[in-house]
Amino acid sequence: MRWNDLKQTVLSALERPYLDRELVIDACDRLSGQMLSGAYEEMVQKMEAIIPGLPSKLIQAARMLSREALEQKVRCELGALPNDKVVPLGVLLHIGASNLDGLAAYSVVEGLLAGNVNLLKLPGEDEGINTFLLGELVKIQPVLKNYIYVFRIPSSDTRRLKKLMDLADGICVWGGEEAVTGIRKLAGANVRLIEWGHKIGFSYVAADGYQDEALRGLAENIIGTKQLLCSSCQGIFLNTDNMEEAEAFCAVFLPILEAAFSKLRPGETGLRACHTLELYSRELEMDQNIHKIYKGKGVSVTLCTDDSLELSDVLGNCWVKLLPRGRIVEKLRNKKGFLQTASLVCRPEDREELTALLIRAGVVRIRPGEEPDAFYPGRSHDGEYPLMRYSRIIDM
């Protein structure tokens, strides 16, 4: 679509009455039903080679798009406000992220729930799942084609990106610090910048309170997500200042991590080869902060002497560091603004105190180590509700 035509089409949409939220929920629920009934089985078979685990991902997407989930989401995020005071922000530009398949499409759905016209810049590594989901949504409810516009524009094409930004009232950025900084420089001062990610997740484990079940949950989070999500466990802080206790923990956790790898990533020889080379390089360099590297089949655990929160080497390679509870706030506050999920493994009688300390440090999501980081209606994005940020509150 030519620029002038796009601009006129968007303005025409803004002049119409606000998009009916019930229409959006009904379309999403019908799409959810079709996904769960196997209507797209042929497409799934074709795309599964490109997107590993696609069937389970579509099941999760279907649950997120169900009427029950979306109605609960609206009640939780906007339910306390009178309907006549909440109006759409206007036009939302979504800068899609590539670390989770279908996330860009769901971001657009959230924009629709708030009544906005949505412009989506597809992530660079998009494999087609976002355009498929949004295309099916428009087939089900053709009215939505006036509120969804998808663009495949490289991030380097700042001229075209700037044109989209000039149309927008808000820009939703799914990306890291570099991406956010780049968008800030391009966006005008009169556009609301809404930042999501990249955040960092970790685990906090009491050295005297861990159970195998909880450690299996942590290991499956590490392997299942490849440590590529904001909620992924990058590493483990131990509530101890005793290196011998930390060594004992690593010896226990390594075989559990190996078992998770064998269960969830069997036969990934490419991963194992890359992992072996990385470990060999690190051993040759042997950073002064590394106390010991525990090597397993396809995975590793690195026991460190420092206590800084950092990204891991991903793909099943986690760090372990000593952090007594008395230093939680002091150390984690250094990463304020980047903290997201903490998986907490401890005795029941310690949970309340440790949870409070993690919250005071800036963590916005805390879950038991043995539980998967599942989606649930009403869950915030990085400690904030998106529908509120995609809306305006009107005083009359």
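Residues numbered from 1 in each chain as written. Predicted model: local features only at pLDDT ≥ 70, side-chain atom pairs only at ≥ 80, totals over all residues. Heavy atoms only, no water.

A separate point is the overall build of the protein. Of the regular secondary structure elements, the protein holds 15 helices and 14 strands. With the C-alpha coordinates of the protein rotated into their principal frame, the extents come out at 70 × 50 × 40 Å. Accessible surface for the protein amounts to roughly 19,000 Å². Of this, 50% is attributable to carbon and sulfur atoms. (Helix = DSSP H or I, 4+ residues; strand = E, 2+ residues; numbered from the N terminus. Areas by Shrake-Rupley, 256 points an atom, 1.4 Å probe, with all protein chains shown as cover.)

Bringing the packing of helix 2 (residues 21–36) against helix 5 (residues 67–78) into the picture now. Orientation of helix 2 relative to helix 5, taken along the N-to-C sense of each, is 145°, at an axis distance of 8 Å. On the side of helix 2, the interface is formed by Arg21, Glu22, Ile25, Asp26, Cys28 and Asp29, while helix 5 contributes Arg67, Leu70, Glu71, Val74 and Leu78. (Axes fitted to C-alpha atoms, helices over the stretch in contact; angles between N-to-C directions. Contact = heavy atoms within 4.5 Å.)

Moving on to the sheet that holds strand 10 (residues 300–304). Strand order in this open sheet of 7 strands is 9-10-11-8-7-12-13, and the pairing throughout is mixed. Pairing within the sheet leaves two strands with one partner each, and these edge strands are strand 9 (290–295) and strand 13 (365–368). Averaged over all pairs of adjacent strands, the angle between strand axes in this sheet comes to 25°, irrespective of strand direction. Here 4 bridges tie strand 7 (residues 200–205) to strand 8 (residues 233–238), and the two strands are oriented parallel to one another. Bridge pairing in strand 8 places Val205 opposite Leu238. Contacts from helix 14 (residues 348–361) reach strand 7, strand 12 (339–345) and strand 13, with the element oriented near 165° to strand 12. (Pairing = 2+ DSSP bridges.)

With that settled, the discussion passes to the packing of aromatic side chains. Evaluated as defined, the whole model comprises 6 aromatic pairs. Here the aromatic rings of Phe249 and Phe253 are separated by 5.7 Å at their centres, their planes lie at 10°, and the arrangement is stacked. Residue Phe249 and its partner Phe253 are located together in helix 11 (residues 243–264), separated by 4 residues, close to a single helical turn. Judged on exposure class, the residue Phe249 and its partner Phe253 are both buried. Aromatic ring contacts, followed pair by pair, group Phe202, Phe237 and Trp319 into a single cluster. The cationic tip of Lys321 hangs over the ring face of Trp319; the distance from NZ or CZ to the ring centre is 5.0 Å. Geometry around Trp196 places Arg389 over its ring, the cationic atom sitting 5.4 Å from the centre. (Phe/Tyr/Trp six-rings, centres within 6.5 Å; stacked < 30°, edge-to-face > 60°. Buried < 20%, exposed > 50% of the residue type's maximum accessible area, 1.4 Å probe, protein only. Lys NZ or Arg CZ within 6 Å of the ring centre and 35° of its normal.)

An order of 4-3-2-5-6 is seen for the 5 strands of this open sheet, with the pairing classed as parallel. Edge positions in the open sheet fall to strand 4 (148–151) and strand 6 (192–196), since each of these has one partner strand only. Each strand of the sheet is rotated relative to its neighbour by a mean of 15°, with strand direction disregarded. Both strand 2 (residues 91–95) and strand 3 (residues 117–121) contribute to a ladder of 5 bridges, which runs parallel. Across the sheet, residue Leu92 finds its bridge partner in strand 3, namely Asn118. On the sheet, helix 9 (residues 177–186) packs against strand 2, strand 5 (170–174) and strand 6 and is oriented at approximately 175° with respect to strand 6.

Enumeration according to the criterion identifies 21 salt bridges in this entry. Across the pair Arg67 and Glu22 runs a salt bridge, and its minimum N-O distance is 2.8 Å. Of this pair, Arg67 sits in helix 5 while Glu22 is found in helix 2, placing the two residues 45 residues apart along the sequence. Between Glu195 and Arg184 there is a salt bridge, with the nearest N and O atoms lying 2.5 Å from each other. Here Glu195 is found in strand 6, whereas its partner Arg184 is found in helix 9, with 11 residues between them in sequence. Of the residues examined, Glu195 reaches a relative accessible area of 28% and is grouped as partly exposed. Residue class for Arg184 comes out partly exposed when judged on its relative accessible area of 47%. (Salt bridge = Lys/Arg side-chain N within 4 Å of Asp/Glu carboxyl O.)

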